[in-house]
Amino acid sequence: VSVAAHAERGIAQRRGAQWPVLIAGVCALVLVAATTEVVLDAVLDHSPLIPKSPAIAGWLPDLGERLGYRTFLIALLASVAAYGGLLALAGGISKRAAIALLATLHAIVFVGPILISTDVFSYIAYARMGVEHGLNPYTHGPISISSDPVYYFVGRDWKHVETAYGPLYTLLSYPLAPLGVNGALWAMKIVAMFSSVGTLALTWRCARARGRDPVFALLALGANPLYVLYALGGAHNDLIMMLLMMVAVSLTLAGRDAPAAAAVVAGALVKATVAALLPFMLLARRTLPVLAGAAAALALGALVAFLAFGIHGVDVVAALNRDAAFVSTDSFPTEIAHLFGKPGVFPVDHDLLKGALVVIVVHLLWRTSRGYDWVAASGWALLAISVTSTWLLAWYILWPLPLALVARDRRLLVATLTIQALFIAHQITPFFAPVS
Amino acid sequence: MSAHGRTAASEGADVEHTAKQGGRRWRTETIVLLLVALLLAIATGNDVVQHTHTNQRLIADLSTWRSYTHKPFHNLSVSQDYSKHFTREVVCGNTAPGDPKTHTQLCLVISGPVRHGRREVRGGWYLPPRVEDKPEFRYRCFGSARGEFQCTR
C-alpha cells in the first residue's frame, strides 16, 4: 500500500509539474494566434487602427477581414490574459522555449503591415526631406514635401509638424531615404526588430547579473502585448532609445561608466526622454568617467547636430515643450480632468503636472543619493513622465519596463504593469458600444 | 571598555534607527503609490463609463438619422454641440448614395434621452455637396434649427 501510495504521489507530483508547462504552452499559442489574427486582418485594408500604407505585405494570404476595434480588442485582451499566464508560470518555462516564442512573435509582426500608428511614415518623411529635397526637418514639416510619395502616408496631425526626434536618429535615418518609401519602410522594420532583439538580450544579461530570473525578464518584455503590437508593430524609434538605455545599464553593471554615460546621451539624441537616466547615474556612480563620458558625448552630439541642422537641431527643449502641450484622450491627466467634471486639460494643469513631476524627480534624486537603486529611480522617473504627460501613447508606457525588470525595487514592475493594464482598460469602450 | 561598549551600542541604535526610518519611508511611499493607483483606476473606470454612454448615444443618433431619412447609409458624420449642450449632436449624411459629401447633405439636430435605441430629432437643415457644416452653407432650416437662426439663407 505504501509503495502504491508513494507511486501515486510521484505521478501527482509529475502531473503537478506538467500542468504549468501545458498551460504556459496554451498561453504561448494564444499569444501567437492573437498576433497572427491582428496581422492578417491588417493586411486586407487600412482601417481606423491600420494606417494607410504601401502594400508591403500583399503577399500574405487574404484570410481575415478588415481589422475593426472589436477584433483588435478581443485579440489584445486575449494577449493580455495569455501574457499574465506566461508571467505567472515563467518559472517553469525553459530559456529555449521563451526565445522560440519571442522569435515567432517578432517574425509574425515583421512580415505584416505597419500597425496602429503613422509615426514610421513621419520618420521616412523627415529623412526624405533632408536627403531628397534638401530641407531641414527641424524647420519644416512634411507638408513642405507634399509631392513626395511618402507624404500621402504621413498622419494628418503631423503634416505641419517639424521633427521632435533627436539629431542622432535623424542622421541615422538619412541613409534609408534613397531606398524609396517601400525600401525605407522595410529598413525601418529591420531596425526596429534588431533594436528589439538587442534590448531583449541586454535585459536578459542585466537581469542575470542582478540575480533576477532572466527568462521572466525576457518574457515580461518580449511577450508584452503593448511591446509586440504597438512598439514593434509600428516600428517605433522608441525601440532604439530603449536599446541604448539598456546598453547604458549593461555597461554600468560591467563598471564601464564613461561609455555607459555616453550611451545615455546617445539615447537622448535619438529621443530626449532617456536623458532622465543621467542624473541618477551620476548621483549613484559619483565617478569622473560618468561626467566625462556624458560631457564628451554631448559635446560631440551637439557639434554634429549643429553642423547638420543648425541651431534648431540642438534645441531639443523647444521640441519637448511643443510636444508637452499636446493632449491625447488616453492620457491620465485627461482622465482625471474628466473625473473632476472638466472637459479636458487646461494650461494651468500643464503647470501643475510639471510641478508634480519635479517633486517626484527631486524625491528620487534624494533617495538615490541615500543609496537607492539608480536603475529603479530612473525607471520611476520614466514612469512618472509617461503618467504625468498629457500626450500618452501605448509605447510611452513601455519605456520603464526593461528597467523595472532589472531594478532592485519590485514595486516598479508592479506599478509599470498596472499602468499598462489601466491603459489597455481605457481602450475597451468600443467593445461595449461599437459605433458603426 | 565602557566607552567602546557605548560606541557599539550607539552604532547599533543608529543602524536600527536607519532601518526603522527606511521601513517607514518604504511604507509611506507604498501607501502614496497605492493611492495614486486607486485614483488612476477610478479615473480610468469613469472614462470608460463616460465613453460607453457617449458611444451608446452616437449609435442611437446614427440609427435615428437612418430611420428619419429612410436611408440605410453608414457614411454619416456626427458632431457634438459643444457651445450649449454636450448631449446634443448634429448628424449629417448624403441624400443619395455616394462617397461622403458628394451629394446634397441632410443634417439633423438630435437630442434628448435614448428611447428604444433612438433619440428625438429637434430640427435640421440641408447643405450643398462638398462643403463642411458651417452656418453660411446651411439652407432650408426646419424645427428648432429655424428658431435658433442656424440658417443664413
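Figured I'd write up the structure that's included with this text.

Conventions and cut-offs
- Counting of residues starts from 1 at the beginning of each chain's written sequence and follows it residue by residue.
- Starting at A for chains and at 1 for ligands, labels are handed out in the order in which the entities are written.
- It should be noted that, the model being predicted, local features are given only for residues of pLDDT at least 70 and side-chain atom pairs only at 80 or more, the latter also being counted only at that level, while totals for whole chains, interfaces and linings use all residues.
- Computation of side-chain values: all heavy atoms of the structure, hydrogens and water removed.
- The secondary structure listing takes helices from DSSP runs of H or I that are at least 4 residues long and strands from runs of E that are at least 2 residues long, numbered from the N terminus.
- Burial classes: relative accessible area under 20% of the type maximum marks a residue as buried, over 50% as exposed, and values in between as partly exposed (1.4 Å probe, protein chains only).
- Contacts are assigned to residue pairs that have any heavy atoms within 4.5 Å of one another.
- Note on patches: the residues involved have over 30% relative accessible area and no salt bridge, like charges join within 9 Å, and the nonpolar side chains Val, Leu, Ile, Met, Phe, Trp and Tyr join within 5 Å.
- Values of accessible area rely on a 1.4 Å probe in the Shrake-Rupley scheme; residue burial ignores everything except the protein chains shown.
- A pair is scored as a salt bridge if a Lys or Arg side-chain nitrogen falls within 4 Å of a carboxyl oxygen belonging to Asp or Glu.
- By definition, two strands form a pair when at least two bridges between them are found by DSSP.
- Only the stretch in contact is used when a helix axis is fitted, and all axes are lines through C-alpha atoms; the angle between N-to-C directions ranges over 0 to 180 degrees.
- In this scheme Phe, Tyr and Trp rings, the latter by its six-membered ring, pair at centre separations within 6.5 Å, and the angle between planes marks the pair as stacked below 30 degrees, edge-to-face above 60, and tilted otherwise.
- Geometrically, a charge over a ring is one whose NZ (Lys) or CZ (Arg) sits within 6 Å of the ring centre while staying within 35 degrees of the ring normal.

### Thoughts on the overall build of chain B
Logical step 1: The helix and strand tally for chain B stands at two helices and five strands.
Logical step 2: Secondary structure elements in chain B, listed N-terminal to C-terminal, are α-β-β-β-β-β-α.
Logical step 3: Expressed as a percentage of the 153 residues in chain B, the buried residues total 31%.
Logical step 4: The long-range fraction of contacts in chain B, counting pairs at least 24 apart against all pairs at least 6 apart in sequence, stands at 33%.

### Details of a nonpolar patch on the surface
Residue and element names in this part refer to chain A.
Logical step 1: Residues Leu-303, Phe-306, Leu-307, Ile-311 and Val-314 make up a contiguous nonpolar surface patch of about 500 Å² in total accessible area.
Logical step 2: Among the elements of the structure, α12 (288–309) and α13 (311–314) are those that each provide at least two residues to the nonpolar patch.
Logical step 3: Take the nonpolar patch: its biggest share by element is three residues, from α12.
Logical step 4: Counting through the fold element by element, Leu-303 comes out in helix α12.

### A closer look at the sheet that holds strand β2 (residues 89–94) of chain B
Residues and elements named next belong to chain B.
Logical step 1: Strand order in the open sheet formed by five strands is β1-β2-β3-β4-β5, and the pairing between neighbours is antiparallel. Each having just a single partner strand, β1 (77–80) and β5 (139–143) make up the two edges of the open sheet. Adjacent strand axes in the sheet meet at a mean angle of 25° when their direction is disregarded.
Logical step 2: Taken together, the three bridges between strand β4 (residues 118–127) and β5 define a ladder with antiparallel strand orientation.

### A look at the packing of aromatic side chains
Logical step 1: Counted by the stated rule, this structure contains 17 aromatic pairs over all chains.
Logical step 2: Centroid distance Trp158(A) to Phe326(A): 5.5 Å. Interplanar angle 65°. Geometry classified as edge-to-face. Of this pair, Trp158(A) sits in the loop between α4 (119–131) and α5 (167–173) while Phe326(A) sits in the loop between α14 (316–324) and α15 (332–339), and the two are 168 residues apart along the sequence.
Logical step 3: Taking relative accessible area as the criterion, Trp158(A) reaches 18% and is therefore assigned buried.
Logical step 4: For Phe326(A), a relative accessible area of 22% corresponds to the partly exposed category.
Logical step 5: Here the aromatic rings of Tyr230(A) and Trp395(A) are separated by 6.5 Å at their centres, their planes lie at 40°, and the arrangement is tilted. With Tyr230(A) in helix α8 (residues 225–232) and Trp395(A) in the loop between α17 (374–388) and α18 (401–406), the pair connects residues that are 165 residues apart, well separated along the chain.
Logical step 6: An aromatic cluster of three or more residues is present, and its members are Phe72(A), Tyr230(A), Trp395(A), Tyr396(A) and Trp399(A).
Logical step 7: Over the aromatic face of Tyr372(A) sits the side chain of Arg367(A), whose NZ or CZ is 4.5 Å from the ring centroid.
Logical step 8: The residue whose ring lies beneath Arg138(B) is Trp125(B), and the NZ or CZ to ring-centre distance is 4.1 Å.

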